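# Descriptive analysis of the structure
Given next are the chains, with one letter for each unit.
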Amino acid sequence: MAAAAAAEMVWMRVLEEGVFRFDASEAARAAAGPSLSFADPRRREAPREGSDAPAAVPACEAAPEGGAQKVVLKLPSGTSFYGTGEASGPLERTGKRVFTWNTDAWGFGPGTTSLYQSHPWVLAVLPDGKALGVLADTTRRCEIDLREESTIKFSASSAYPVITFGPFNTPADVMTSLSHAIGTVSMPPKWSLGYHQCRWSYDSSEKVLKVVRTFRKKGIPCDVVWMDIDYMDGFRCFTFDSKRFPDPKSMVDDLHSIGCQAIWMLDPGIKKEEGYFVYDSGSTNDVWIQKADGSPFVGEVWPGDCVFPDYTSEKTRAWWASLVKDFISNGVDGIWNDMNEPAVFKTTTKTMPESNIHRGDADIGGVQNHSYYHNVYGMLMARSTYEGMAMGNAAKRPFVLTRAGFIGSQRYAATWTGDNLSNWEHLHMSLPMVLQLGLSGQPLSGPDIGGFAGNATPKLFGRWMGVGALFPFSRGHTETGSIDHEPWSFGEECEEVCRLALLRRYRLLPHIYTLFYHSHTKGIPVATPVFFADSQDPELRKVETSFLLGPLLVCASTLPNKGAHECAHKLPKGIWLPFDFADSHPDLPVLYLRGGAILPVGLPIKHVGEASLEDDLSLIIALDENGKAEGVLFEDAGDGYAFTQGDFLLTHYTAELHSAVVTVKVFKSEGSWKRPKRKLKINILLGGGAMISADAVDGEAIHLTMPPESEVSSLVATSELEHKKCLEMIRPIPDIDEPSGQEGAELSKIPVDLKSGDWLLKVVPWIGGRIISMTHLPSDSQWLHSRIEINGYEEYSGTEYRSAGCTEEYKVIRRYLEQSGEEESICMEGDIGGGLVLQRQISILKDNPKTVQIESSIQARSVGAGSGGFSRLVCLRVHPTFTLLHPTEVVIAFTAINGSKQEISPESGEITFEGDLRPNGEWMLVDKCVGLSLVNRFDPSEVGKCMVHWGTGDVNMELWSEERPVSKDTPLRICHQYEVRQTN
């Protein structure tokens, strides 16, 4: 049956003024399941009194008999969209589409539409600067479609309420209102705001201690070291390898003695092994997720066959929490929940079947299949872990990091942006991703600094640390098999940049900690986009390389050949004064303080434990046009919950200029703590980095006489000149493509872009001439995305998997640009040995810009006469690895040469088509969820065999030539094309 016509949704007032709930009908409201995003689900159900009415009412198309519900909200032209949670790509989301389905998205790209977390939420900034928030309160897979200008569309498979927040005067007001629904971030322990060092894996207690002692020896700040999965006994959670980590408590005691905390990984996959105490107790307590037949679901993860706790049940959460409580007695300071989408190996969907059964508690939705609870599985695991840590030590604040999450996860855990790549594109993408999470209610996040997959170069790592040291969560991490990624691993120049960057973070910790107190109490993100300073200025809405930490503006560069000081940064209106800590460097961001702000900063310490309340404090002051400034500082024990009972000191500082004299004083104090007797250094910014300073005692008023205007001008000019000279004298990080002697280090080179018509392709000639990204621009769909050195689009010269042709360096022999009047194309060839080359021309056709054409051939160049001029046996094997955005909704379809209709689903595994069973010159990858097909056309006379191999979240659609020797006159050739079509 056809969907019903769109109709306005019914609404009621909820929560507080300006917040409304919309449902498809009164019946749909009554039938809606409980909210898992709201901190108190009852608040979504309770109508409130009031006379306010919604400014915009969404329309709803509800299919009959419980079908998909589609919601459309049209807003004024010129509206900008943000939010959508953990999303790659640009900060401003107009033109983009996201699907909320938590996915193990290793090596994701800017067009990946489903990452590790789900936030069915959009923040809309209206043309006048006011803002509106829209939440589709569903746990199911949900499409967020922002491709139509100023229009929000949600679509999910069953009825759900939509909650709107505002319009309010500012985006910050919307975030505060949202926090009244979904809760705020738990106040983090102060040590967790220091720098974290991690890798997969530090493989022994000795290695862990050596790394941390090296930080101390080199004077580089660090507060936390992480233990990845290899600390376990055979990947069994809650165990330790008896040889490599024989006494974890002793190791942690040694770490604590030098001011370092230890965080350990726990995954949801529990090894199915009788005699393993976690499996045995879980089976006894009947806590495992079940298949439809009632037996425990078994899926493969790191330990092999695993069962999975059903965190939707209070019984299971209590069981898990009790294990966590016992676990932290080993000296565990924090816990890292990974693989909790949940990820499952050797499945096309990368997760468990949607038909699996969760025996959920009635207050969160009751017994449901996995499709209902998939997106909240990670959040419920993090909740259980958080509760277990709280049970184990009520005097400390739990610290949990989770990979998977849902809107509201910030109540229990921090997060990071997943398995990123070690390249400049991912460095750039890390900024909008952190900001986007903050705009979706999760303020405590950051990327893997330096990139997880691949090897960083010195310049890339130093630049990433420069900005990453100022993200709310700051952690360096890298995968197994990569080169060392500690700050000292890339040479003296990079080490110095990392030292300066982290010392800068630690000086700013008093301010960052205060921002987290505000986020905890008011729901305001810690790091915000620049447009938060002036949401009426449309030029600020797409700024991605700068961000705000309160009144502090951080301006970075993600360009390999330009430092932040060389870039033109768009500043908000008003006074913005640059400053530094005598630490300016071409690879560090430039800092500005907003006029009217006072910034409290601390001493340059190496770990949080070095600081005390009696330490000297500095105030950096930027007066506004009226000669005034104000700022606030929150101080408490740095851990525990005494602050909730008033045991803290919240100081409001003011500065005011009268008759050339600036008076700085404490305007107001809150909390029961007495102000310590400590020195206070006052620094008033003049411009150009110049300042005047004076020493004082905290709590006492101080009066500074401002120099005359002529002297200020001289001080500013001198400061600017000295700053310029200083930057010129600094030894920059070497601008090299690869660390000396390291394999695979060319991953940081910049791919070649082919962009024309409907397509944007990224090509890496230097490793296999491969295509690593294929984005169809009109539909904003990314059909292919890979890391640089494996997968993507590659070709082989033999029937063997990854035979010659896929790893060699290809030389670019022709490059045509659309601007020069030619079609956008690149022609490359690689030496595959034995006198052969594999030549490939990739073109976006000028006369048919909807089409990508790839023409490849194996050619004989210098085959020896002794062989009669013929080469070894070769086969041109085209091997693209296409990304499956919706693995359960895809098929490969074609008409065979014999006329039979074929439809190949992921359950087929690997299947080969030869002879008359081959596609008759065309086959297509059909994504039913988005109504798009990737069509691959070829000449059957050039293709002897077609092969399909369904992988984990991807599929290979291979074209094979015949296998034979080639000569100069008889090359092997395949010419084929790709095009995207709309399907019904």
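Everything numeric in this text was worked out from a predicted model, so none of it was measured.

Check the secondary structure of the protein chain and you find 14 helices and 59 strands. Here the C-alpha coordinates of the protein chain stretch approximately 95 × 70 × 65 Å along the principal axes. Of all 984 residues assigned to the protein chain, the portion counted as buried reaches 62%. Within the protein chain, counting contacts between residues at least 6 apart in sequence, those at least 24 apart form 69% of the total. Here the protein chain has roughly 35,100 Å² of accessible surface; of this, 50% comes from carbon and sulfur atoms. Of the charged side chains in the protein chain, 94 are positive and 126 negative; the average position of the first set lies 1 Å away from that of the second.

Core analysis: the largest hydrophobic core is formed by 179 residues, its most contacted members being Phe165, Tyr231, Trp264 and Phe547. Beyond its immediate sequence surroundings of up to four residues, Phe547 is in contact with Leu431, Leu435, Val467, Leu470, Phe471, Ala527, Thr528, Val530, Leu552, Leu553 and Val554. Membership of the second largest hydrophobic core comes to 52 residues, among which are Trp783, Tyr810, Trp923 and Leu934.

The next subject is the sheet that holds strand 19 (residues 304-307). Pairing is antiparallel across the open sheet formed by 3 strands, whose spatial order is 17-19-18. In this open sheet, the two strands that pair with only one neighbour each are strand 17 (270-271) and strand 18 (299-301). For strand 17 and strand 19, the ladder comprises 2 bridges, and the chain directions are antiparallel. Residue pairing in the sheet places Ile270 in a bridge with Val307 of strand 19.

Moving on, we come to the UniProt feature "domain: Glycosyl hydrolase family 31 C-terminal" (unreviewed entry) in the protein chain. When the UniProt feature table is mapped onto this chain numbering, "domain: Glycosyl hydrolase family 31 C-terminal" (unreviewed entry) sits at residues 523-599. When the span residues 523-599 is considered, its composition is 0% helix and 30% strand, and the gap between its end C-alpha atoms is 20 Å.

Let us now look at the packing of aromatic side chains. Under the criterion given, the structure shown has 45 aromatic pairs. Judged by centre distance (6.5 Å) and plane angle (80°), the ring pair of Phe108 and Tyr116 falls under edge-to-face. For Phe108, a relative accessible area of 2% translates into the label buried. With a centroid separation of 6.2 Å and 55° between ring planes, the pair formed by Trp319 and Trp320 is classed as tilted. Neither Trp319 nor Trp320 differs from the other in exposure class; each is buried. By way of ring pairs, the aromatic residues Tyr231, Phe238, Phe240, Phe245, Trp264, Tyr279, Trp288, Tyr311, Trp319, Trp320, Phe327 and Tyr377 are connected into one cluster. Arg141 extends its terminal NZ or CZ atom over the ring of Trp101, reaching a point 4.1 Å from the ring centre. Looking at Lys190, its charged tip hangs above the ring of Tyr513, at a distance of 5.0 Å from the centre.

Below, the discussion takes up the environment of Tyr513. Within the secondary structure, Tyr513 sits in helix 13 (residues 509-522). On the basis of relative accessibility, which here comes to 1%, the residue Tyr513 falls in the buried class. When the C-alpha positions of Tyr513 and Met187 are compared, they lie 9.3 Å apart, and in sequence the two are 326 residues distant. Ignoring anything within four residues of it in the chain, the contact list for Tyr513 reads Met187, Pro188, Lys190, Leu193, Arg397, Phe634, Asp636 and Gly638.

As enumerated under the stated definition, the model contains 62 salt bridges in all. A salt bridge links Glu26 to Arg29, with the nearest nitrogen and oxygen atoms 3.1 Å apart. Taken together, the positions of Glu26 and Arg29, both in helix 1 (residues 26-31) and 3 residues apart, correspond to about one turn of that helix.

Before going further, it helps to examine the sheet that holds strand 33 (residues 590-594). Strand order in the open sheet formed by 5 strands is 29-30-31-33-32, and the pairing between neighbours is antiparallel. Since the sheet does not close on itself, it has two edges, and those belong to strand 29 (527-529) and strand 32 (576-579), each with one partner. For this sheet, the mean inter-axis angle between neighbouring strands, taken without regard to orientation, is 35°. Judged from the 4 bridges that link them, strand 32 and strand 33 form a sheet pairing that is antiparallel. In the sheet register, Pro578 faces strand 33, and the bridge partner there is Tyr592.

Once that is clear, we can look at unusual backbone geometry. Geometrically, the link from Gly166 to Pro167 is a cis peptide bond, its omega value of 10° lying close to zero. Residue placement: Pro167 occurs in strand 13 (residues 162-168). The backbone phi angle of Asp286 is positive, close to 55°, even though this residue is not glycine. Summarising the element assignment, Asp286 is placed in the loop between helix 6 (277-284) and strand 18. With relative accessibility at 36%, the residue Asp286 sits in the partly exposed group. With phi around 50°, Ser659 is a residue other than glycine that occupies positive phi space. Positionally, Ser659 belongs in the loop between strand 37 (649-658) and strand 38 (661-670).

By the secondary structure assignment, Pro161 is in the loop between strand 12 (151-156) and strand 13. The class of Pro161 is buried, set by a relative accessible area of 2%. C-alpha separation for the pair Pro161 and Thr912, spaced 751 residues apart in sequence, amounts to 46 Å. Apart from residues no more than four positions distant in its own chain, Pro161 is found in contact with Arg21, Phe22, Asp23, Ala32, Arg44, Leu135, Ala136 and Asp137.

Once that is clear, we can look at the packing of helix 4 (residues 205-218) against helix 5 (residues 248-257). Following both chains from N to C, one finds helix 4 and helix 5 inclined at 5°, their axes separated by 10 Å at the closest point. Taken together, helix 4 and helix 5 sit at an angle that is classed as roughly parallel. Listed contacts from helix 5 to Ser205, Val208, Leu209 and Val212 of helix 4 are Met251, Asp254 and Leu255. Each residue belonging to the contact of helix 4 with helix 5 can be placed in one class, and the counts come to 5 nonpolar, 1 polar and 1 charged.

Turning our eyes to something else, we now look at helix 11 (residues 458-468). Because an α-helix packs 3.6 residues into every turn, residues spaced three or four apart end up facing the same way. In terms of burial, helix 11 is a largely internal element, 11 of the 11 residues being buried. Of the residues making up helix 11, those classed as buried are Pro458, Lys459, Leu460, Phe461, Gly462, Arg463, Trp464, Met465, Gly466, Val467 and Gly468. Buried residues in helix 11 make contact with strand 14 (195-197), helix 10 (424-438), strand 27 (448-449), strand 28 (474-476), helix 12 (492-507) and strand 30 (546-549).

Along the chain, His518 falls in helix 13. A relative accessible area of 19% means that His518 is categorised as buried. In contact with His518, not counting residues within four places along its chain, are Gly523, Ile524 and Val632.

Cut-off values and rules
Counting starts from 1 at the beginning of each chain's written sequence and moves along it residue by residue. The predicted origin of the model limits local features to residues at a pLDDT of at least 70 and limits the giving and counting of side-chain atom pairs to 80 or more, whereas totals for whole chains, interfaces and linings rest on all residues. Just so you know, side-chain values use all the structure's heavy atoms and leave hydrogens and water out. Where helices and strands are cited, they refer to DSSP runs of H or I of at least four residues and of E of at least two residues respectively, numbered from the N terminus. Accessible area is worked out with a 1.4 Å probe on protein chains only. A residue is then buried under 20% of its type maximum, exposed over 50%, and partly exposed in between. Whether two residues touch is decided by their heavy atoms; if any such pair falls within 4.5 Å, the residues are in contact. All accessibility values rest on the Shrake-Rupley procedure with a 1.4 Å probe; residue burial counts only the protein chains present in the view. The convention is simple: Lys and Arg are positive, Asp and Glu are negative, and His and the chain ends are not counted. Lys charges are placed at NZ, Arg charges at CZ, Asp charges at CG and Glu charges at CD. Among buried residues, those of type Ala, Val, Leu, Ile, Met, Phe, Trp, Tyr and Cys that are joined through side-chain atoms within 4.5 Å constitute a nonpolar core. The criterion for strand pairing is that DSSP finds at least two bridges linking the strands in question. UniProt positions are given in the numbering used here, feature names are shortened, and annotations may be inferred rather than shown by experiment. The pairing test for Phe, Tyr and Trp rings, Trp by its six-membered ring, is centres within 6.5 Å, and the orientation test on the planes gives stacked under 30 degrees, edge-to-face over 60, and tilted for anything in between. Remark: a charge is flagged as sitting over a ring if the NZ atom of Lys or the CZ atom of Arg is within 6 Å of the ring centre and within 35 degrees of the ring normal. Put simply, a salt bridge is a Lys or Arg side-chain nitrogen that is within 4 Å of an Asp or Glu carboxyl oxygen. Geometry is summarised by axes, namely lines fitted to C-alpha atoms with helices restricted to the contacting stretch, and by angles between N-to-C directions that run from 0 to 180 degrees. Our angle categories are set so that under 35 degrees counts as roughly parallel, over 145 as roughly antiparallel, 65 to 115 as roughly perpendicular, and the remainder as oblique. Amino acids are sorted into nonpolar (Ala, Val, Leu, Ile, Met, Phe, Trp, Tyr, Cys and Pro), charged (Asp, Glu, Lys and Arg) and polar (every other residue, Gly among them).

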